[in-house]
Amino acid sequence: MRNLHISTSVNGDQTEFVCAPDETLLDVLRNRLGLTGAKEGCGTGDCGACSVTLNGRLVCSCLVLGVEAEGAEIGTVEGLAMGDHLHPLQRNFIDHAALQCGICTPGILVAAKALLEKNPNPTDEEIRYWLAGNLCRCTGYDKIIKAVQIAAAEMRGA
Amino acid sequence: MVKVTIWGSLRSATDGQVEVEVDARNFKELLDRLATEYPGLKPQIERGVSLALDGKIYREAWFTEIGPKSEVVLMPYMTGG
Amino acid sequence: MALDSKMNRVFKVVGTRPPRPDGVEKVTGRAMYGADATAPGMLVGRILRSPHAHAIIKSIDVSAAEALKGVKAVVTAADFGVPDDLSIRDVQDNCMAQGKALYHGHAVAAVAANTAAIASQALKLIKVRYEVLPHVTDVDEAMRPGAPIVQEGRALENVAAGFSENVTSQCEFGHGDLEVGFAKADKVIERSFTTAATHQGYIEPHACLASMSPDGKGDLWCCTQGQFQVRTLCAEIMGMDASQLRVTASEIGGGFGGKTTVFIEPVALALSRKSGRPVKIVMTRDEVFKATGPTVSSSMDVKIGMTNDGRITAAQAQLRYQGGAFPCGTVEMGAQSAFACYNLDAVHTVGWNVLTNRPKEAAYRAPGAPMAIYAVESVVDELCQELGLDPLNVRLKNASTKGTKSSYGPTFDDIGLRATLEAAKAHPHCSAPLGPNQGRGLSCGFWFNFGGNTCVSLNINTDGTVGITEGNPDIGGSRAAISQMAAEELGVPYDKVRTIIADTNSLGYNDVTDGSRVTFSVGLATIEAARNAIKVMCGRVAKIWGIDEDAVIWEDGCAKPSGANAGDFTPMSIEEIAAISSNTGGPIAGHFEVNADGAGVSFGVHLADVEVDPETGATKILRYTVFQDAGKAVHPDYVEGQMQGGAVQGIGWALNEEYIYGKDGLLQNAGFLDYRVPVASDLPNIETVILEIPNPGHPYGVRGVGETPIVPPLATLSNAVARAIGIRLFELPMSPPKLLKAIRQKG
């Protein structure tokens, strides 16, 4: 199988890479583009640690082929901060201890951002169901939900 | 002389005694004397034991001093996770 | 290193909630975990695993794999030596099967190739001839004479006659006269329980990058809870001196005890040595479930006698644990902790460790305790139901306290069990109303906690800021707590202190991050190292002022004269002292090395309200509160985090998680879809109440907290379910199909 040449946009930057037809977007991000923020926790779309956005839609990058990035806009955790300004979600996760080991954090941040773009004022239950596809083993989710609420309020200017 | 409490499954090596007396001033002397006086204890001692001294657990400390009035309890070597 | 005699010390930094030092890296995706490192010329390593539960390996033909273009090395057990130490030999044989495949997924060969695709292809070209043997995966079956023998000659001298050779050790604890005790009881309940094996479920699979050079030196990057333990194991397995192998711990994506040993690291080192190139191995999730270290599964009998007014008069337990294909020492911990919460005149536990054709068990928070305490707390609760007694009052009536002779021998010093029970009793959760199909359950929990080998180096930089080097991977936020303790002791702001975790070359030996020991031991060593540095600084200032060292004290980050008699000198700040350190004797540092003892036990109580759906058997948790004694909460956010995280792991253990083996001995659910851990929508908020009964063995009173929280949830939920639907199960997990079956049988 010959490798393919793909042109895409990652976090707003025009990017090109070469990959095998059966390579996942996750492997491309991590091994071809040096963007190791997205993590492989399971490789089967069950844990959400590899969450990115594809044309604004939240996806598991382990279930997307690298070649599907052609002409698309990819959003990863590396694109959340603006220069040295952390995104309110990032800042609140630190301030409210919403991470321990942090391996699930990139996926959860990407997922939470996607939620707040759709629904800027979610209930706790809505946050919990939206994040049901992102496993966390360290925190028990409590402080994560609280941090998302606080960030959401800040982003609403409340 | 120091009184040492032996746990249940080791008592077959001390003729069923729950408590034995040995002449020892620290952890290492205690283990050496126990192994000598009660050879049935030797395999477990070689595998590793902890010592609880007045309620405080010492996993390995040979030179921990033991007074004659101390409560000394032999325990299996502990592991955690 | 006893509790500071300034008992009413007012802490300035300890007890606050500053941001953790690794926070920004982790929220931006910059933090480097096990699988994030690369090296020039790196090869990809892959491992071939046994498709059989038990088989003799007749031959392995690697020639076709070796010949494949792009393959640089292939290894099997033949590439390893024979370590002297039996327990290290077991680790090695677990990493690469020696003569026999002992469980489904046991490694039998490995390749290193230019790409993952080539490596996978090469695995398919390795020809292994197996002679399949009968297997056994159930603990009770494995104990019976006539069971398939997993390994011969591993039974210790303490095993009674009449068992199969799979029973490798036997232990017994307790005191008092059981017969007399049971005779005094008004009610005696005897029950048998089983619990399935569970996995720590860390989201980060094991990953390492090994680089051996032709001069015999090696560099190993891996996610681990203990880089020094990794060095010890790998150096022994590879036949290297410790100083030749430098192990660096990456950031770790969860461990919980499962990353306190090695699985892939010796294999990566061997492949690197053979190929002359760096080799990276990352486990798939499937491999993590099949071939790392789940918990034991258990079969237990518990018998407890109680008087009509709630006094426990006698308690007895028999615990049978299977730890996979290699001997383990886990039932000893279960047998000692089972009745630790109770003040008993007559108590007796017996335990056996058993071999089965399953992966080699590893620790998972409080190893051995959750299942034993689940069984005990369930019987205590059932007695409360039968006798019409309040479960909290019965716990209070029988609770271990200072002066209690514990069920495992030593007499307790100051402990926090009564305080946590009183806090639970006073909490609004206790009196919240309950509706149909809803029930409330509670359980106590306990863990020993450890000290251990610890080294800390503390350096005062020339600008007066502080650098701390310690050797324990941070799995719960310990870097923040350590910086806090140093800041507290030195009297400097928290953000002037930076704590890093060093590789094995940079410090003396540090025991793994386990046993809830880091805030306790590394904290203690940090406090001593800081006091050391303070002594040096006071000495320098004494020389400058021309007075005795004893006449200089340290306060609020400055050296000051001890009183008016010492002289009228302007205090010198740490910045000022540091700036002229080259003039006064050289760089200023403090260090401390210790095998710390005096860790304080940690007790906890959990309360849960559940609702069981009678049509689906699904259990919904309505409310959950965790009460735990932390001694002194250095960083309350991270203490709460341990309480919440451990509780949720226990919830998963109680309600859904289990290793499912088929009759063929193969693992059926090696993925997160069918090994169902709790997700955000399964849970309510987890409320936490921290008690602080200082540990006399630590300068600030710190007790470890990380492990205890996984213990109470098992019985808390079992008791809650029993009270919700009037049916008590005696097995875990209480997954919906099992509850539904029980509901239907009841009619």
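Quick notes on the rules
Residues numbered from 1 in each chain as written. Chains lettered and ligands numbered in written order. Predicted model: local features only at pLDDT ≥ 70, side-chain atom pairs only at ≥ 80, totals over all residues. Core = buried A, V, L, I, M, F, W, Y, C linked by C-beta atoms within 7 Å. Buried ≥ 20, exposed ≤ 12 C-beta atoms within 10 Å, placed from the backbone. Helix = DSSP H or I, 4+ residues; strand = E, 2+ residues; numbered from the N terminus. Contact = placed C-beta atoms within 7 Å. Domains from an automatic or database assignment. Nonpolar A, V, L, I, M, F, W, Y, C, P; charged D, E, K, R; others polar. Axes fitted to C-alpha atoms, helices over the stretch in contact; angles between N-to-C directions. Parallel < 35°, antiparallel > 145°, perpendicular 65-115°, else oblique. Left-handed = near helix turned anticlockwise from the far one by under 90°.

## Comments concerning the nonpolar core
Residues and elements named next belong to chain C. In terms of nonpolar packing, the biggest core is built from 314 residues, with V267 and A372 touching the most fellow members. Ranked by the residues each element gives to this core, the list is headed by helix α15 (residues 518-545), at 14 residues. When sequence neighbours within four positions are dropped, the list of residues in contact with A372 reads M300, A317, L319, G334, A335, S337 and A338.

## Focus: the domain arrangement of chain C
Quoted interface sizes are often the accessible area lost when the parts come together. All names here are of chain C. For chain C, the assigned domains read domain 1 (23-31 + 451-596), domain 2 (35-134 + 200-291) and domain 3 (429-443 + 600-747). For domain 1 versus domain 3, the separation of C-alpha centres amounts to 39 Å. Elements with a minimum of two residues in the side of domain 1 that touches domain 3: α14 (478-490) and α15. Here the side of domain 1 that touches domain 3 gets 5 residues from one element, more than from any other, and that element is α15. Looking at side-chain class alone, the side of domain 1 that touches domain 3 contains 6 nonpolar, 7 polar and 1 charged residues.

## Here we look at the interface of chain A and chain C
Each partner contributes to the interface: chain A provides 42 residues, whereas chain C provides 42 residues. Those elements that provide at least two residues to the side of chain A that touches chain C are α2 (88-95), α3 (105-118), α4 (124-130) and α5 (142-155) of chain A. Examining the composition of the side of chain A that touches chain C, we find that 4 residues originate from one element, α2(A), more than from any other.

## Observations concerning the environment of W352(C)
Structurally, W352(C) can be placed in strand β15 (residues 347-354). Those residues in contact with W352(C), other than ones at most four positions away along the chain, are M143(C), V167(C), Q170(C), R320(C) and V331(C).

## Comments concerning the packing of helix α7 (residues 227-238) of chain C against helix α8 (residues 265-275) of chain C
Residues and elements named next belong to chain C. Interhelical geometry of α7 versus α8 gives an angle of 45° and a closest axis separation of 10 Å. Between α7 and α8, the crossing angle belongs to the class labelled oblique. In this structure, the crossing between α7 and α8 has a hand that is right-handed. Between α7, through V230, C234, I237 and M238, and α8, the contact on the second element is made entirely by E265, P266 and L269. For the contact of α7 with α8, the class distribution of residues is 6 nonpolar, no polar and 1 charged.

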